[in-house]
Amino acid sequence: MARALVWFKRDLRVADHAPLAAAAACDEALALFVIEPAWLRSPECHPRHVATLLACLAALGEALAARGLPLVLRVGEAVEVLAQLRREWRFDRLFSHEETGPGWSYARDIAAGRWCRAEGVAWTEWPQTGVVRRLKDRRGWAGRWQARMAAPLVAAPAGLRAAPGFGATPLPTLRELGVDPAPPTPAAGEAAAQRTLQGFLAGRAVGYRRHLSSPLTAEDGCSRLSAHLAFGTVSMRQVHQATEAAIAATPHRELAWGLRGFSSRLRWHCHFMQKLEDEPQIEFRNFARSHDGLRAGDGVHPGAVDTARLQAWCEGRTGFPMVDACMRQLCATGWLNFRMRAMLVSFAAYHLGLHWREPGLFLARQLLDFEPGIHWSQMQMQSGTTGINTLRIYSPAKQQAEQDPDGTYVRRWLPELGTAAYPQPIVDERAALADIKARLYALRQTGPARDEADAIQARHGSRKAGLPPSAGRPARTRRKPGATPDDAQGELF
Ligand SMILES: Cc1cc2nc3c(=O)[nH]c(=O)nc-3n(C[C@H](O)[C@H](O)[C@H](O)COP(=O)(O)OP(=O)(O)OC[C@H]3O[C@@H](n4cnc5c(N)ncnc54)[C@H](O)[C@@H]3O)c2cc1C
């Protein structure tokens, strides 16, 4: 008698779901989602995340019920929930996807593994992205990514045999979970993810590369799939395969060009997650330890974090209109395009001299698509603490001139602009940059920093071997007139 518990985490779909398909071959099955207090009280969690989760769970519950499986929801620490459920129903298999999550989920997985071994429960985990567990080094990684993404999709099982005596658990409300009311959130769930994907592939992707950089065009011009990928309402393989099929099918050169730009970003997604998988500590400390002490807040620098600067940045009140407008958009909507995220972080790190951890937690709360592996790698990359990437310091004035030349965007998000209510710049840009640049460039020239950079490059740097020829070509050679410099991000990885 095989009894399988399918533990849903960041994979809230029934299509291309290997654990669910495996459970269909068992004698009895149940589906479980655990709403974990460790998550609810984590500094990365925002009511908009919880509201979106509940919407995803509602859709998932319906899809599972249609296949004969109730979705059991429990609120509690995962190991306690598993133990309680096993007292109610003696499952002997635990099926789930691998997760590359923040520190609290890493600790929970270790505890869950220990519990499974003690209880004699066989826990099988399947990968759902290109991230490779226990990777020795990056050689051949890109080829493995390609092979995983090209593997056939797992069909959603038609029917499952539910464990007797269980029904679907009604969804809790935000209030019942002790969570504040959430701002409006975009449609969530598997069907919403498919609508977003198909709408993008069928037309929005035309002009993709030109629309990426300006916050005026990015909202509609980007794929807007990141939150769906973060909640797992669509799999990376589904997106990859649908994209490749769309490229092959379209006679429209402009659309194909846009889709190819998008396609390479899907690999970046996993490339960044792999860094956290390989080195979980990058959530908390610098990639390059030689950079410890550079800014207050890293546990080594003797100074205290400048909370007034941090607060002004979080509230969008720095006196730099492009920075403030971006922050206001992000806080109001939960989304911002890549370049403007990078500019916000660059401003916090270089203009304000803030260490990336506190700003990173604030952004993680705001971003509906918070994906720890991408997020913390990017926070460090844009703050200059990876030790290996070209330093990129964004000038807010230059970004405004290029991306919002007539001021439409800043006026939209800063109604008080031009009045006495709008603050003066909180820092002298020239002096702030001169200081941090001098210190960083000097640091990078030191022997220990150089040696460390070689080691970081060897461990985390990207390798193109194993990709099809078009995907392997450097981004620079694929740039066309009209493409934005963001197309060249790949050169920096
Ligand atoms: C400081 C900072 C923090 C970030 N935090 C996150 C995060 O928590 N979650 C997240 O998904 N992305 C993050 N990004 C990357 C990027 O900004 C978002 O993926 C993108 O803006 C999401 O919008 P979209 O889905 O319309 O993406 P598109 O621009 O259409 O890109 C398609 C997909 O490719 C992937 N992708 C795109 N750009 C990148 C990139 N630079 N690195 C890795 N993957 C990429 C994402 O999965 C994205 O959904 C961050 C970037 C910065 C600079």
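Residues numbered from 1 in each chain as written. Predicted model: local features only at pLDDT ≥ 70, side-chain atom pairs only at ≥ 80, totals over all residues. Heavy atoms only, no water.

Explain the domain arrangement of the protein here, please?
A common way to express how large an interface is: the accessible area buried when the components associate. The domains assigned to the protein are domain 1 (3-126), domain 2 (190-278) and domain 3 (280-474). Distance from the C-alpha centre of domain 2 to the C-alpha centre of domain 3: 24 Å. Counting residues at the interface gives 22 residues for domain 2, matched by 32 residues for domain 3. In this assembly, domain 2 packs against domain 3 so that about 2,400 Å² is buried in total across both faces, 64% of it on carbon and sulfur atoms. At the junction of domain 2 and domain 3, the tally comes to zero salt bridges. (Domains from an automatic or database assignment. Contact = heavy atoms within 4.5 Å. Buried area = accessible area lost by both parts, 1.4 Å probe. Salt bridge = Lys/Arg side-chain N within 4 Å of Asp/Glu carboxyl O.)

Sorry, what's going on with the pairing of strand β4 (residues 93-97) here?
Consecutive residues of a regular strand have side chains that alternate between opposite faces of the sheet. Buried residues dominate β4, accounting for four of its five residues. Where strand β1 (residues 3-8) lies against β4, four bridges are found, and the strand directions are parallel. The partner of Leu5 across the bridge, within β4, is Leu94. Handedness of the crossover is the feature at issue here: the chain leaves β4, passes through helix α5 (residues 103-119), returns alongside strand β5 (residues 122-126), and the resulting connection is right-handed. (Buried < 20%, exposed > 50% of the residue type's maximum accessible area, 1.4 Å probe, protein only. Helix = DSSP H or I, 4+ residues; strand = E, 2+ residues; numbered from the N terminus. Pairing = 2+ DSSP bridges. Right-handed = clockwise from strand over helix to strand, strands pointing away.)

Just checking my understanding: could you explain the sheet that holds β5 for this structure?
Strand pairing in a sheet relies on backbone hydrogen bonds, with the paired strands running either antiparallel or parallel. Pairing within the open sheet is parallel, and its five strands lie in the order β3-β2-β1-β4-β5. In this open sheet, the two strands that pair with only one neighbour each are β3 (71-75) and β5. Neighbour-to-neighbour, the strand axes of this sheet turn through a mean angle of 25°, independent of strand direction. Direction of pairing for β4 relative to β5: parallel, over a ladder of five bridges. Bridging across to β5, Arg93 finds its partner in Ala122. Of the strands in this sheet, β1, β2 (28-35), β3 and β4 touch helix α4 (residues 78-88), which is tilted by about 150° from β2. (Axes fitted to C-alpha atoms, helices over the stretch in contact; angles between N-to-C directions.)

Honestly, the nonpolar core in this entry has me stumped. Any pointers?
As a rule of thumb, soluble globular proteins bury nonpolar side chains together. One finds Trp313, Leu344 and Leu363 to be the most contacted residues of the largest nonpolar core, which totals 36 residues. Counting residues in each nonpolar core, the second largest holds 34 residues, with Val6, Phe8, Cys26 and Phe33 among its members. (Core = buried A, V, L, I, M, F, W, Y, C linked by side-chain atoms within 4.5 Å.)

How should the state of the cysteines be read in this particular structure?
Note: disulfide means a covalent bond formed between the sulfur atoms of two cysteine side chains. In the structure shown here, the tally under the stated rule is zero disulfides. Note on Cys26: no disulfide assigned, nearest cysteine sulfur contributed by Cys116 at a separation of 14 Å. As a non-bridged cysteine, Cys56 has Cys45 as the owner of its nearest cysteine sulfur, 13 Å distant. Owing to a relative accessible area of 2%, Cys56 belongs among the buried residues under this scheme. (Disulfide = S-S within 2.5 Å.)

For this particular structure, what's the right way to read the packing of aromatic side chains?
Within a pair of aromatic rings, the relevant descriptors are the distance that separates the centres and the angle that separates the planes. Overall, the coordinates contain 11 aromatic pairs when judged by the stated rule. An angle of 40° between the planes, with centres 5.7 Å apart, marks the rings of Trp89 and Phe91 as tilted. Judged on exposure class, the residue Trp89 and its partner Phe91 are both buried. Ring centres of Tyr208 and Phe262 lie 6.0 Å apart, and the angle between their planes is 90°; on these two criteria the pair is classed as edge-to-face. Highlighted residues: Tyr208 in helix α8 (residues 208-211) and Phe262 in helix α12 (residues 253-278), separated in sequence by 54 residues. Residue Tyr208 shares its accessibility class with Phe262, and that shared class is buried. The ring of Phe231 is capped by Arg10, whose NZ or CZ atom sits 4.6 Å from the centre of that ring. (Phe/Tyr/Trp six-rings, centres within 6.5 Å; stacked < 30°, edge-to-face > 60°. Lys NZ or Arg CZ within 6 Å of the ring centre and 35° of its normal.)

Looking at this model, I keep getting lost on the pattern of salt bridges. Mind explaining?
For side chains bearing opposite charge, pairing can occur when the charged atoms are close. Tallied over the full model, the rule gives 24 salt bridges. A salt bridge links Asp16 to Arg237; its shortest N-O distance comes to 3.1 Å. Within this pair, whereas Asp16 is found in the loop between β1 and α1 (18-23), its partner Arg237 is found in helix α11 (residues 236-249), the two being separated by 221 residues in sequence. You'll find Asp16 and Arg237 in the same group, each marked buried. Between Arg309 and Asp306 there is a salt bridge; the shortest N-O distance is 3.4 Å. The network of salt bridges with shared partners includes Lys9, Glu36, Glu99, Arg108 and Asp109.

Whenever I open this one, the pairing of β1 confuses me. Can you help?
Of all the six residues making up β1, five are buried; the element is thus mostly covered by neighbouring parts of the structure. Inspection of the sheet shows β1 paired to β2 by six bridges, in the parallel sense. Opposite Arg3, over in β2, you have Glu28 as the bridge partner. Handedness of the crossover joining β1 and β2 through α1 is recorded here as right-handed.

Even after reading the chapter, I still don't get helix α20 (residues 429-444), so can you show me in this structure?
A turn of α-helix holds 3.6 residues, and therefore any two residues three or four places apart point the same way. Along its 16 residues, α20 runs 22 Å from first to last C-alpha, staying within 8% of the 22 Å computed at 1.5 Å per residue. Turning to α20, its buried residues are Ala432, Leu433, Ile436, Leu440, Leu443 and Arg444. For α20, the buried positions fall inside an angular range of 105° around the axis, keeping them on one side. On its buried face, α20 is in contact with α15 (338-351) and α21 (447-460). (Expected span 1.5 Å × (residues − 1). Arc of directions from axis to C-beta.)

What am I meant to see in the confidence of the model for the protein here?
Overall, the predicted model of the protein reaches an average pLDDT of 93, with 94% of residues at or above 70. Taken together, the stretch residues 472-485 has pLDDT below 50 and engages in 30 contacts with residues farther than four places along the chain or on a different chain. For the stretch residues 487-493, pLDDT sits under 50, and the model shows 27 contacts to residues farther than four places along the chain or on other chains. (pLDDT = per-residue confidence, 0-100.)

What's the story with the packing of α12 against helix α17 (residues 372-383) in this structure? I'm lost.
For any two helices packed against each other, one specifies the crossing angle of their axes together with the interaxial distance. Running from amino to carboxyl end, α12 crosses α17 at an angle of 85°, the nearest separation of the two axes being 7 Å. Between α12 and α17, the angle falls in the class roughly perpendicular. Counting all contacts with α12, which are made through His269, Phe272, Met273, Lys275 and Leu276, the residues of α17 involved are Pro372, Gly373, Ile374, Ser377, Gln378 and Met381. When its residues are assigned to classes, the contact of α12 with α17 shows six nonpolar, four polar and one charged. (Parallel < 35°, antiparallel > 145°, perpendicular 65-115°, else oblique. Nonpolar A, V, L, I, M, F, W, Y, C, P; charged D, E, K, R; others polar.)

Would you explain the environment of Glu88 in this entry?
Checked against the element boundaries, Glu88 lands in helix α4. For Glu88, the residues in contact, after removing those within four places along its chain, are Arg74 and Phe166. Within the structure, Glu88 has its side chain in polar contact with the side chain of Arg74 (distance 3.1 Å). (Polar contact = N/O pair within 3.5 Å; in protein donor to acceptor, adjacent residues only side chain to side chain.)

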